[in-house]
Amino acid sequence: MSTQRLNVTLPDDVSEILKTKKNKSEFLAEAVREKAMNDKKREIIEKARKLKKYYESDKDLVSLNSLDSQDFVD
């Protein structure tokens, strides 16, 4: 995997956390990926909630029914 060197400015409390990590780059990469996935899940759930009224009013619409399951959130 290719990499890029970045110069970032972080708050003191975050800097203190990073000082305790052996591999700061790996820790930050994992944290950014996790945050991006959580943001995307939240975005999808919000869009599904906005469509919910249409699915409740039209019983022929069924493609989002599984979004109510715990499996989707996990």
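Predicted model only: the values in this text are computed from it and were never measured.

A. Representation of the environment of Ser 25. For Ser 25, the location among the structural elements is in helix α2 (residues 24–57). Judged by relative accessible area, Ser 25 falls into the exposed class, the value being 57%. Along the backbone, Ser 25 and Arg 5 are 20 residues apart, and their C-alpha atoms lie at a distance of 9.6 Å.

B. Representation of a nonpolar patch on the surface. Taken together, the side chains of Leu 6, Val 8 and Leu 10 define a hydrophobic patch exposed on the protein surface, amounting to about 300 Å² of accessible area. Assignment of secondary structure puts Val 8 in the segment before α1 (12–19).

C. Geometry of the confidence of the model for the protein chain. Per-residue confidence for the protein chain gives a mean pLDDT of 85, with 82% of residues at or over 70. Mean pLDDT across the secondary structure elements of the protein chain bottoms out at helix α3 (residues 70–73), with 54, and peaks at α1, with 97.

D. Fine view of the pattern of salt bridges. Per the counting criterion, the structure on display carries five salt bridges. With its nearest N and O atoms 3.7 Å apart, the salt bridge here joins Lys 40 to Glu 43. Highlighted residues: Lys 40 and Glu 43, both in helix α2, separated by three residues, approximately one helical turn. Exposure remark for Lys 40: the relative accessible area of 46% places this residue in the partly exposed category. Because the salt bridges share partners, they merge into one network encompassing Lys 35, Asp 39 and Arg 42.

E. Layout of the packing of α1 against α2. It is the contact of α1 with α2, at a shortest axis distance of 10 Å, that shows an interaxial angle of 125°. On the basis of their axis angle, the class for α1 and α2 is oblique. For the pair formed by α1 and α2, the contact residues are Ile 17, Leu 18 and Lys 19 on the first element and Lys 24, Phe 27 and Leu 28 on the second. Looking at the contact of α1 with α2 residue by residue, the class counts come to four nonpolar, no polar and two charged.

Reading the values: rules and limits
Residues numbered from 1 in each chain as written. Predicted model: local features only at pLDDT ≥ 70, side-chain atom pairs only at ≥ 80, totals over all residues. Heavy atoms only, no water. Helix = DSSP H or I, 4+ residues; strand = E, 2+ residues; numbered from the N terminus. Buried < 20%, exposed > 50% of the residue type's maximum accessible area, 1.4 Å probe, protein only. Patch = residues over 30% accessible without salt bridge, like charges linked within 9 Å, V, L, I, M, F, W, Y side chains within 5 Å. Areas by Shrake-Rupley, 256 points an atom, 1.4 Å probe, with all protein chains shown as cover. Salt bridge = Lys/Arg side-chain N within 4 Å of Asp/Glu carboxyl O. pLDDT = per-residue confidence, 0-100. Axes fitted to C-alpha atoms, helices over the stretch in contact; angles between N-to-C directions. Parallel < 35°, antiparallel > 145°, perpendicular 65-115°, else oblique. Contact = heavy atoms within 4.5 Å. Nonpolar A, V, L, I, M, F, W, Y, C, P; charged D, E, K, R; others polar.

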